[in-house]
Amino acid sequence: MSEALIGVARPRIDAPDKVTGATRFAADGYVHGLLHARPILSTEPHARIRQVDREAALSVPGVVAVLVAADLPMATSGTDRTAEPLAREEVVFAGQPVALVVAETEAAAEDGAEAVVVEYESLPAVVGLEDAMVPGAPLARLVEEDEGGGDLESIHAGVDEGEQDADEEQLSGNVLDTVNRRSGNAAAALEASDVVLSGTFRTPWVYQAYIEPQVATAWLEPSGTLVVSTSTQGSFVTRSELARAFGLPLERIRVIAEPLGGAFGGKFALIEPLAAGAALALRRPVRLVLTRGDDFQATNPVSAQVTDLRVGARKDGTFTGIEARMLVDRGSNAGWGVEGITSLLVAGPYRWDAHDLRGYGVQTNRFPFGAYRAPGAPTAAFALESLLDELAVALDLDPIEMRLRNAVVEGDVGVSGNPFPTIGAVEVLERLREHSLWRDRESLPAGEGVGMAAGYWPGGNEPAAAVCRVDADGTMTVVTSAADMSGVNTGFAVIAAAAFGLEPEKVRVVSADTATGPYAGASGGSKVTYTVGKAVEGAARAARVKVLAAASQELEIAPDDLEVIDGVVRAVGAPDRSITVEELARKALRFGGRYEPIEGHGGSAQTVGAPSVAAHLSHVRVDRETGEVELLRHVIAQDVGRALNPALVEGQMRGGATQGMGWALFEQLDHDESGQLLTGSFLDYSIPVADRVPEIDTLIVEVPAPDGPFGAKGIGEAPVVAAAPAIVNAVAAATGTRMRELPLTPPHVWAALAESKPEDDL
Amino acid sequence: MIPAPVRYARATDIDDALALLAEPDAKALAGGQSLLPVMKLRIARPSLVVDISRLDLQGVDVRGGELHIGPLTTWDDLLRAEELRRPALSAMAECAEGIGDLQVRNRGTVGGSLAHADPASDMPAVLLALGAAVSLHSPNGDRVVRLADFFIGPFMTALLAQELITDVVVPLPKPGSGSAYVSVEHPASGFALAGAAASVGPDGERVAVTGIAGRPFLVSDHDDPVGGTDVFGDRFAPADYRRRLAIVLVERALERAAAHTAEDW
């Protein structure tokens, strides 16, 4: 084992191909006889489909078919996107696919799409989250949802659902789920507190804004196997969803996860059933490429939330009770929502004497909710960390010292009811406290401010397997079925190299498909490096056993007395008695060879998660007259367990912090009162672009995860969690005004400042 | 994102372009930064696209005390023009460098932008503040229209169907003049939520505002720049915000223009 390889910054192994344009993405592959599909999206937020007039479209040269729901060979009657890729009789959001035009060329498909006429009978639409909950509110969906939907929530985090609520609150039928986490008497704890603060916090729907819109290509092999090549985070979960959709056995479906052009939680089997349904119906290959406009309207962004939060503390800053009522807009996703995760994470990485946390999953006539980097966490942290910032002011305490007084350590029981595993909350806050931006925050020019906030992501578990194979040239191929997202394959390479004893440059990593690869769950939930990486480590160790066995015979030295370093097996203490891995592999991989191939299979099934804590500093300047907030500098400290490759770790920290800047200042999917999307393009929906993102300092904190490969843990989601509240707290420090609704757009900031100040101060 | 079927013709000279534009649903194409996106969305579906991009209407030069900007001059060409490097015209550079991104500035043209007349476009405010006029050519002959009379409403101008801009003329301000452009942009589109251009000097002050109404306009009372204007508002930026912004930006543009007067380029 060569542990010295761990912790060295290296370029991503996929970078040269991506930078030079050599990577083939899902829309690039050539398929003989390919047809092109264009979806017809509902223009109505809630309606019955009266009829779809296909005649004119079918007369457009090149148009092969105009498919509606009845044309697809669905095997299930549910109302989720897998079971209902095209709306059957009721549309429940503007943007829902209603028909699919399939043509010989993309242009013909577009001409055909323009000619399709859909007649609707409008139904009352319910757009407002709070309105939807009121008893008597119109129902967002009239057709009853079947049970037996997919199992997508478990992908994201190992979170139990809490108790089902026994409360007798009067709620409309749009409230699909209630969660209540309770321990102790929160009301009494708040009553007995020296300070109690409360507030209502609002966050909008937010789009994942991956560079590559969703795309899937489906065809039937002559043998009858359905093959789907797609931009997805999870090949096996997509295969399961397709099996459910069409009633096919798993072995008749092959899903190929192509290189991802970004996903961030939004690519878990969404449009694949539509492409596959068309291919099955027409028995020809069909490719569906969403335009950016389609992608804005017809995919699955993350929920709007409204959080009422109350927190209490004693004079010395010890937290007492916490109460939350968290409304989660699921849109038209009847299957699952983040009310379970967000009502857990709203307590933060802190100890509380008592808690009463409620989550409500509410359906509305908006797009179906989907995951986006740490779903449910940025919204929870925005509420909690804003109130904690106010609490520190009210108690005249340093915000970091106050948090340190309450930060959880291993063994503390969280609001999940389970003890926290190893967690670096204290270490991260202590590291942040040392930064000069924090120490010097009192001596800033007028209009500037520094804020801080902290948050965590619990991490996830899922059994996984991997294979390591050494070829006759002495190089190693690592095979997993994990989608290469955020650089995980580059991490696997160094894990395998270190565990086996090979130079990392000699390791390549293959992302296999469901027909050829060992099992791995979807890339999400900050679990890939932790779980699949652990399996890779095991596979490399198993391959090492094989190479030692062969070397032992060649060198006539017991395996225990051998070591493998940089591709050479040598006697411990006598390095001149050695043989290369390449030579051993050559001896094994040939006719009449005497040694087993140098290959290993490894698996993992961790039961304890590895939470990651990240804390932020933000330095802002606010233009009081225009409401513009300028980000001057950002600092993030994160516990990453062990930085396998600091370059990639810092990239994740910067990327997460940057997406948090989007939450804070820019991003908002806005519908008008009738349910029409107003921000359906990048002309209206803004994301943080390079010239608005400040310098970001990254402080890597390493508290090794006991069950992770070389102590590493999943780190992708934690960095986004508390970035926005740090910025909002910085705005409060700069202006004295606290904002409780995201994003802080210039008109929004201007209005808030105008409200809190006399007119002549503007 | 594929335009509806459309015919294409490349004009050989201005009169050829005008002849082609006689077709009722024909549209002139210069840099394509406004027309092509709406064609791809099939919001615009001209029968014929008349490509005027190769006509000899590019370039910036000074003659007879006037700055002449060929309407096919791209934003990038404008930014590189030596003729603009004087404090009196600094508003033009300040404005042009904030337009779109590099790709847009390489393709988009001054004349195309004026003819498109997006009410949130930046440069019209600058040209208004500088007292610019446009020369127009049609089968009926030539005419000169002051920019203040050119913009009629959102995406509407004084241009006739068979008429092209042939020159953009900016009278050179006297020495000791300065100009400036300031705006607050929509964070997604980059278009102005409000923008103000000011020109100050021995000839007096001239101020124009864009982004808040159906067209960019010259301000008559600097202390009350919005006056009775019907201010546009939407869910992102309500009218009361844009109104206040215009007042703030007019003040800032005037200050900045005054600061430029002291510069010696």
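A quick note: this is a predicted structure, and the numbers were derived from the prediction, not measured.

## Points about the overall build of chain A
Reasoning step 1: Secondary structure summary: chain A contains 20 helices and 27 strands in total.
Reasoning step 2: Here the C-alpha radius of gyration of chain A, 27 Å, is about what a compact globule of 762 residues would show, namely 27 Å.
Reasoning step 3: Seen through its principal axes, chain A has C-alpha atoms that stretch 85 × 75 × 50 Å.
Reasoning step 4: Across the 762 residues that make up chain A, the buried fraction comes to 59%.
Reasoning step 5: Counted over contacts in chain A with a minimum sequence separation of 6, partners at least 24 positions apart contribute 81%.

## Description of helix α11 (residues 399–406) of chain A
Residue and element names in this part refer to chain A.
Reasoning step 1: Within α11 the residues assigned to the buried category are Pro399, Ile400, Met402 and Arg403. Projected onto a plane normal to the axis of α11, the buried residues spread over an arc of 160° and lie on a single side.
Reasoning step 2: If you follow the buried residues of α11, they end up packed against α10 (377–395), α12 (425–433) and β17 (448–457).

## Some remarks on the environment of Thr203(A)
Residues and elements named next belong to chain A.
Reasoning step 1: If you trace the backbone, Thr203 turns up in strand β9 (residues 195–203).
Reasoning step 2: Take Thr203: there are 25 C-beta atoms within 10 Å of it, and that puts it in the buried class.
Reasoning step 3: Once the C-alpha coordinates of Thr203 and Arg141 are considered, the two residues, 62 residues apart in sequence, prove to be 24 Å apart.
Reasoning step 4: Not counting chain neighbours up to four residues away, the residues in contact with Thr203 comprise Ala304, Gln305, Thr379, Phe382 and Leu742.

## A closer look at the confidence of the model for chain A
All names here are of chain A.
Reasoning step 1: In the predicted model, chain A carries a mean pLDDT of 95, and the fraction of residues at 70 or more is 96%.
Reasoning step 2: Segment residues 147–151: pLDDT under 50, and nine contacts once partners within four positions in sequence are set aside and those in other chains are kept.
Reasoning step 3: Considering only residues more than four positions removed or in separate chains, one finds that residues 758–762, a stretch of pLDDT under 50, has three contacts.

## Points about the interface of chain A and chain B
Interface extent is often summarised as the accessible area lost during association of the parts.
Reasoning step 1: Opposite the 21 residues of chain A that make contact, chain B presents 14 residues.
Reasoning step 2: Elements supplying a minimum of two residues to the side of chain A that touches chain B: α3 (106–115) and α20 (746–756) of chain A.

## Section: the pairing of strand β22 (residues 568–571) of chain A
Residue and element names in this part refer to chain A.
Reasoning step 1: Pairing of strand β21 (residues 562–565) with β22 involves four bridges; the strand directions are antiparallel. Its bridge partner being in β22, Leu562 is matched across the sheet by Ala571.
Reasoning step 2: Between β21 and β22, which pair antiparallel and follow one another directly, the connecting turn spans two residues, one of which, Asp566, has a positive phi of 50°.
Reasoning step 3: Pairing of β22 with strand β23 (residues 574–580), which is carried by four bridges, proceeds in the antiparallel orientation.

## Examining the sheet that holds β21(A)
Sheet strands associate in pairs through backbone hydrogen bonding, adopting either a parallel or an antiparallel arrangement.
Residues and elements named next belong to chain A.
Reasoning step 1: Here we have three strands laid out as an open sheet, ordered β21-β22-β23, and antiparallel in their pairing. With partners counted over all chains shown, the strands left at the sheet margins are β21 and β23, one partner each. Strand after strand, the sheet turns through a mean of 35° between neighbouring axes, direction not considered.
Reasoning step 2: Against the sheet, helix α16 (residues 581–588) touches β21, β22 and β23, its axis set at about 40° to β23.

## Topic: unusual backbone geometry
Reasoning step 1: Between Leu742(A) and the following residue, Pro743(A), the backbone shows a cis peptide bond with an omega angle of -5°.
Reasoning step 2: Looking at where Pro743(A) falls in the secondary structure, it is placed in the loop between α19 (723–735) and α20.
Reasoning step 3: Here Asp396(A), not a glycine, exhibits a phi torsion of approximately 55°, which is positive.
Reasoning step 4: Topologically, Asp396(A) is positioned in the loop between α10 and α11.
Reasoning step 5: With 9 C-beta atoms packed within 10 Å, Asp396(A) lands in the exposed category.
Reasoning step 6: A positive phi angle is found at Arg42(B), which is not glycine, with a value near 65°.
Reasoning step 7: When you line up the elements, Arg42(B) lands in the loop between α2 (35–40) and β3 (48–51).

Criteria and cut-off values
- Residues numbered from 1 in each chain as written.
- Chains lettered and ligands numbered in written order.
- Predicted model: local features only at pLDDT ≥ 70, side-chain atom pairs only at ≥ 80, totals over all residues.
- Helix = DSSP H or I, 4+ residues; strand = E, 2+ residues; numbered from the N terminus.
- Rg over C-alpha atoms; globule rule 2.2 N^0.38 Å.
- Buried ≥ 20, exposed ≤ 12 C-beta atoms within 10 Å, placed from the backbone.
- Contact = placed C-beta atoms within 7 Å.
- Arc of directions from axis to C-beta.
- pLDDT = per-residue confidence, 0-100.
- Pairing = 2+ DSSP bridges.
- Axes fitted to C-alpha atoms, helices over the stretch in contact; angles between N-to-C directions.

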